Structures are given as C-alpha cells and as structure tokens.
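So the chains spell out like this:
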Amino acid sequence: MKAIRRFTVRPVLPDPLRPLSDLARNLRWSWHAETRDLFQSVCPEAWAGSGGDPVRLLGSVRPARLAELAGDRRFLRRLTAAADDLDDYLTGDRWYQEQAGGLPGAVAYFSPEFGITAALPQYSGGLGILAGDHLKAASDLGVPLIGVGLLYRHGYFRQTLSRDGWQQEHYPVLDPNELPLTQLKEPDGTPAQVTLALPGGKELRARIWLAQVGRVPLLLLDSDVEENDLGERGVTDRLYGGGSEHRLLQEMLLGIGGVRAVRTYCWLTGHPEPEVFHTNEGHAGFLGLERIAELCAGGLDFDAALEAVRGGTVFTTHTPVPAGIDRFDRELVGRHFGADAELPGIDVQRVLALGMETYPGGEPNLFNMAVMGLRLAQRANGVSLLHGQVSRSMFAGLWPGFDPEEVPITSVTNGVHAPTWVAPEVLRLGARQIGAQRAEDALAVGGSERWDSVADIPDQEIWELRRTLREQLVLEVRERLRVSWRQRGAGNAELGWIDDVLDPDVLTIGFARRVPSYKRLTLMLRDRDRLTELLLHPERPVQIVVAGKAHPADDGGKRLVQELVRFADDPRIRHRIVFLPDYGMAMAQKLYPGCDVWLNNPLRPLEACGTSGMKAALNGCLNLSVLDGWWDEWFQPDFGWAIPTADGVGTDPDRRDDIEAAALYDLLEQRVAPRFYERGRAGLPDRWIAMVRQTLSLLGPKVLAGRMVREYVDRLYAPAAQTHRALTPDTARDLAAWKTRVRAAWPGVSVDHVETTATTPTAELGTTVGLRVRVALGTLTPDDVEVQAVSGRVDAEDRITDATVVPLKPTGTPDLEGRLLYEGPLSLDRTGPYGYTVRILPTHRLLASNAEMGLVTVPSEEVVEGAGMVLR
C-alpha cells in the first residue's frame, strides 16, 4: 500500500535532553568530533543506520532510550559540556574579531551548491565542496558570512551501475523537514518568502530554509511551494538539471531571489546587512542586477548604481574552459527582464549589455554569466596561481589593449577545511603531540608557516597510523563493493571474492573526482598490460581505488566510467583495482585518509585548482599529479611526484595521452613503488615516512581553508568594504559621471612624441636615461590620467616581458597646441635586449586598478619609429 500523504513526526525530547536538538540543528557537528561522539553514544545502532545524521538519529531513537538517557548523569554531563562548548564557539571572539577595524560588518556569499555534509546533499563536486569549506572556515575564523544557495528537492543524482557497468542515475526526493534545516518565518509565524516576476504576469515564489553552519547562516531557496504552478515548483528540482530556461530561472532565483532573502533574513533577525557580496562562479551573477535595482529605487540612476554595486562585489571564477560557463540566448534573457517581467525599472538593453560577448572571438548573440559577473564586480580572482593566469588570458578581451598579465583578475588559491577532512586518528595523533586545543586551532585557523611538531612524532607511530587508515579503507571498500554488486544483480553466492579485495599492506592509490573528459579517468588504462603488471607485481604490487560521477547528460563521461568498470571487473585483477559508485562526502572522508598516493592526471592547464589532493595531503597521503592547479604552485619533491606533461601546441591529443601515461607508469614502477616497499634498519620505509612527515609539516599549513578565507578577507573583502563605504550616492554619481566623461574624451588622448637622453642603442647596466613624452589629453586634465613608462627585457619580436612600470610626471604648462610634457627616469636594471614604451591610462582614487576601464593609449607607429624604442 502506498501512502497518499506524508508527514514528518518529530520526537519529543525530555527536558534534560533538549540541548540535543540545538546540537543537531547546528551543522558544526559535521566537523566537531566530540559532538558526533555524543550522538553516537545515544544509540550506536541508530547512529549507523542514520548515516551519521543527528536529525535522523533523534527521529529514530525509541522513547524508552531517551527516557533512560534523561536520567543518565554521565551522559547529561557530556551533553552540558557539548552545549556549553557550542555556545562558546558561537558567541566568543575569534580571529576576525581580533583584527583591526575597517573589515566588513557582513559578507554575503552566493553559490549554486554547498557541500556541508552528506546529510545535506546539495552538491555535485568541487565547487560545492569548496563553498561548504569556505563557510566552515569563515565560521571558525568568526567572519560574519551569510551563505546563499538553492534547496534542490532531488539534490544531485545518486549513482549505481548496471550489470555491464553503465552509470545509472537515481533522484531520491528530499523532504526539507527531515533535513537539518529550519524554515525562516515572519513575525506572525507564516513562512518567509521571496517572489520573482515572470513573463505574462506569472510569479515564482520560494520559501527560505536556514541551515546553521556553525556561526554562519546558510539561506536556501525552495520553489516547491503550493502557491506556484507545477512548472515553477520544479525550478529547484535538481542541481544542474533541465534545459536553458530552467537553468536561467534557477540562476535568477539564486541571484535576485537570494538578495531578497538576505534582506528578509537581516530584517527578521537583526543580522548586519552585508557590505560585500561574493559571487562564487557566474551562476549567481544576477545578484548585482537586483542590487542595482534597489539603488535605482532609492533615487540613483543606473550608471551610478552600477558603480556602487561594483565597488562592493567580489567575483570568483572556477572554470579554466569556456565550456564550463553558463551562456544563454539573448532573446531568452531579454524576455525575463523589463516591463513585463523582472526588474521592470531597468532598461532591458542595459541588462543585456552586461553579459554580451562584445569582444573579438565572442558570440554576439549569447549572454555570458561569467562576463556579467566580471562586469558587475570590481574585484575578481581565480582559484590558484596558474588558474589566475589562465583566467586573465581567457577573459583578456574584456580589457582590450592590455597584456593578459595586467588583466585585473588576481588569484586566491583554494584550501580545504581540515576539521572536516582530517581523519579522527590523525587529529588524535596531533592532539597527543601538542594538545587538543592547539591541534584544533592549527587545523581550523592556521596561520603558521610550518607544523614543526610533526618532526617529533616517531616514525613507528606515523607508519602505524598509515596502516590503520589503509586497513579502514580496505574494509570500507569491501562493504561498498558488495552493495554495488548486489545493485548490479549479483547474488551473495557470487561475491565471496570480495573478502579478498585489496590488502592493507599494499601500496594504495586513490583517484576520485567528477568525470569530464579533461580529468582523464581512463589515462591509467592507456597500456592495460603494463598497468596489469603493476597491479600484480610479485614484490611491489599496487592497488587502486577509483570513484567518480559523470554528468547525467554526458554519455562520453559515462563511457569512460564503463570502460574503467569493465577493466576492474576482470577476475585476474579485481582484487587490486575497484570502482566505487556514488562518490560523495561520506565516501571521500574514508578514501582520502586511507590512500598512500593521490593520483591526478588532468589535461594541463584545465584543472582550476583540484582540492582533492589537498584533503589527501592533510592525512599524510602523497600526491602524484600533473603540474596543474594547486600542485603547479606548491609541488616539491618532498611532497610527492610530478607527472611530466606533453602540452606543446602541436601535440596530437592521442599521442599526448600516450606520452603522459607512459610517464605515469614509469613513475609508479621506478620511483613510487620502490620507495614504498624499501625498508630501513628498523624495518620501516624510512624515506617514505620522511615524505609523509614533510607533507604534513610543510604542505599542511598551506592547503587550509582558514588560510584561504584569511586571504579573501585581507585582499578582497576588506578593500571591497572600504570602496563600498566610500561610494556614497553622491560619490557614486561623481564616479559614474567621471567615467562617462573619460570614455567620451578618450579618442582625443594620444602620445605625440617620445625621446630619451640615450644617444646610442647600447647602454651599460645601471645606467639611468631621461625620458620625455609629449601627450595630448583633449578635454581631460592631468588628474584624469597617468602617463607611464613600461620597460623590461624584450623577446625576438620586441615584446616586453617581466615589465617594470614607472609613472611619469607632468612638467610645465600646455604648449600652444594644448599638449603636455611628461618626464621621468628610465633605469636600465637588466642586461641583454631591453626595451621600453609609454602609455596613458585613466586614473581615479576609486578604481581598483588602472586597467579597470579597459582604456589605454600607446604611441602610434609614426611616434615609435622615431623614439628609439628598443635598446640592445
């Protein structure tokens, strides 16, 4: 019989146990071991059955057991201690409160997905896990963040395999009442809602659910409400599902509805209004339009509102490939804005102009969410040093006339939230070494350059820890593999072989991530005979655990999964290589600690950051990776191995895969496996343990999300807040008017003459030559511009590399033709071919960069010919 209606029946806790409800509803338990231990002691069997979810646990414990615990003094003391600890965590001063003034009173952080815990499955991969770690680290540091996302009723899909290894997707329905969420309510008790206008007089309504992530509120918008028509109810059905209009509505709800949800939350709770808005990838870019509309409603014109909004906005791009960016047909976007739809007070053409690809190579009829995000944010960043370089090249068309290295996109390298990803056994080892509180602070807050105390841990303890973690992974893999084979249709009688899958004393390699083609899931299969030899080597065998999901619409990715699964099904090797379906946070928390080596072999430079290797490193796992993302930035031979790449422009893709796969096999065969199995005098792999120790002590402090969030605060949030405060309505109007005046006058700006005091095309190192530049500024004044000398080594085509920029100073008054003379020194501080040029840029105290407006004037060809531009 099937029920015709569903209810969620909440337990009634005895009064002494009421604090359990508060502990369960604050997701700090997901990274606080003592709180999880407390819930486990309520009922170990029910805890295991709940998947480690306190809300589900409390809903399943028998009343008799609750009554028993209410009279258990020892349990109540533990409960009181946990509740007091949470209260101290939520109310006490932390790192942020100890900083000097000027920091933002609040920051709103928008993301399409958040990976907080497996109990709240609202993530698909690295972007969501990063967003969850960002919130947790902000909570640990005391940063006043408000998270904003969508509540997907089906979350992301669950993955199983067919008998022949084909990925199958399942979408279980999530009931918000059974999740660790509370509904935001108006003072009269009715659910708080936000409303968006749709074409044809329709509306899209969404309720606001609150997940409390430590100190950080996370607002999740849910369109599955009775007031909506069936189509609108399905807007938040699935993460990254549906067609173009479905995705557009999701992103309008996230950005526009998200700002309205933040306003509602702050009004209802008294939380400070955000001074800074952080857009995590382009999906949330519409938040800037809503903020512009707010300011226009308050009396500002569009241009002034745009400047005010840009000043307080930070945009983070996560993709190194154009295909990873959402792009919509301009007619579709235009239909959803304007008089008959959303933001009726804003001209639709102004909306469209923000997202159009109006640069060489762009598609003029497509609305690009990342382009809009960059145009609506004064500060932007990539997520590793290499990704910052890639992003500057990818978006250089938005700043014509500037070299990619001057494009105003910086980088903040991602980090991971160590208390979430470090195994309890590793944490306990650290606590024994330096004390529980210091160990917790080192992982959560960070700040030190190195963890010197790791040097004092005996080799034997490190090796015993690594074997314990490997053994736990072996047991986890066998259990998950048995479940997977049953789902594939196998009977118990066929599965006896699983008891011998993996060996806790064999070198264990992990590979787990999403399965787009550039991550090359099957590179390891390039030479199957050679891989088989590695797996079955009589003295130095390796074993590999693989996991990953292909997007439901990506049949190419599904074929890669099937190829790997079929190889792993071979009875000759299935005890040495396994594929585990349904990769998610719960699996990852066992997989990272249990592996000895973490493998990553993307096509360089297509990995923006790649944080899975960071999580592995924090557990003493060594990295074996292509030099891409964060590994390109921090690789040292002490931490692992770099897979050589064949990324020359002319390399055929198949040949490239052959070359890089061969390099991978060589490393495993000649360097990685021998070092793991090599034994010193005490019977321990001394050199391997030394690498584990170096990974923990030197790499560990770098990869922390605490380090990452502190960088965001210092380098992006604080400057954005200062600009936001400076851009009062009058100042914003003045800035907008200044930009309009400068753009109109720029065609009249020119470099008319350049000369130096150098008399020959050669000079000695250390020489200083004088530079004189005559410029025409048209209707602009010297206060509106900066005239610069740009110098450095030059290549064979006279392109300046590693440039030094020196401002030149105006001297005297304009000549009869209105031209001004600028002078300054040019220091020849490098040997070899050396060159210089001059340029004129707009300058204003409220610009974050002189490149911000994308305006630059350089000498014409006629001026260049007479200027002696290159000194050799």
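Residues numbered from 1 in each chain as written. Predicted model: local features only at pLDDT ≥ 70, side-chain atom pairs only at ≥ 80, totals over all residues. Heavy atoms only, no water.

Caption draft 1: Representation of the sheet that holds strand β26 (residues 820-827) in the model. The four strands lie next to each other as β21-β22-β26-β25, forming an open sheet whose pairing is antiparallel. The open sheet has two edge strands with one neighbour each: β21 (750-756) and β25 (809-811). Averaged over all pairs of adjacent strands, the angle between strand axes in this sheet comes to 30°, irrespective of strand direction. Where β25 meets β26, three bridges bridge the pair, whose relative direction is antiparallel. Its bridge partner lying in β26, Lys 809 is registered against Glu 823. (Pairing = 2+ DSSP bridges. Helix = DSSP H or I, 4+ residues; strand = E, 2+ residues; numbered from the N terminus. Axes fitted to C-alpha atoms, helices over the stretch in contact; angles between N-to-C directions.)

Caption draft 2: Main features of the pattern of salt bridges. This structure, assessed with the given rule, holds 63 salt bridges. Lys 739 is paired through a salt bridge with Glu 307; the nearest N and O atoms lie 2.9 Å apart. With Lys 739 in helix α28 (residues 729-745) and Glu 307 in helix α11 (residues 302-311), this residue pair connects regions lying 432 residues apart in the sequence. Relative accessible area serves as the criterion here: at 3%, Lys 739 is assigned to the buried category. Exposure remark for Glu 307: the relative accessible area of 7% places this residue in the buried category. One salt-bridge network, in which partners are shared between bridges, spans Arg 520, Arg 526, Asp 654, Arg 656, Asp 657, Asp 658 and Glu 660. (Salt bridge = Lys/Arg side-chain N within 4 Å of Asp/Glu carboxyl O. Buried < 20%, exposed > 50% of the residue type's maximum accessible area, 1.4 Å probe, protein only.)

Caption draft 3: Representation of the side chain of Asn 368 within the structure. With respect to the secondary-structure elements, Asn 368 resides in strand β12 (residues 366-368). Assessed through its relative accessible area of 4%, Asn 368 is described here as buried. Within the structure, Asn 368 has its side chain in polar contact with the side chain of Glu 357 (distance 2.8 Å). With near-sequence residues (within four places) excluded, Asn 368 lies in contact with Ile 325, Asp 326, Arg 327, Gly 355, Glu 357 and Tyr 359. (Polar contact = N/O pair within 3.5 Å; in protein donor to acceptor, adjacent residues only side chain to side chain. Contact = heavy atoms within 4.5 Å.)

Caption draft 4: Seen up close, unusual backbone geometry. The omega torsion of the bond from Arg 604 to Pro 605 falls at 5°, within 30 degrees of zero and hence cis. Assignment of secondary structure puts Pro 605 in the loop between β18 (597-600) and α23 (612-617). Non-glycine residue Leu 343 carries a positive phi angle of around 50°. With respect to the element layout, Leu 343 can be found in the loop between α12 (330-335) and α13 (348-355). Its relative accessible area of 4% is what places Leu 343 among the buried residues.

Caption draft 5: Molecular detail of the nonpolar core. Ranked by internal contacts, the top residues of the largest apolar core, which has 107 residues, are Leu 507, Met 524, Leu 624, Trp 641 and Trp 688. Ranked by residues supplied to this core, first place goes to helix α25 (residues 653-677) with ten residues. Apart from residues no more than four positions distant in its own chain, Leu 507 is found in contact with Pro 541, Val 542, Gln 543, Asp 596, Val 597, Val 672, Ala 673, Phe 676, Tyr 677 and Trp 688. Of all hydrophobic cores here, the second largest spans 97 residues; its members include Ile 292, Val 351, Leu 780 and Leu 847. (Core = buried A, V, L, I, M, F, W, Y, C linked by side-chain atoms within 4.5 Å.)

Caption draft 6: Examining the pairing of strand β27 (residues 834-842) more closely. When you tally the buried positions in β27, you get eight out of nine residues, the bulk of the element. In terms of strand pairing, strand β23 (residues 785-794) meets β27 through nine bridges, oriented antiparallel. In the strand pairing of β27, Ala 789 is matched with Val 838.

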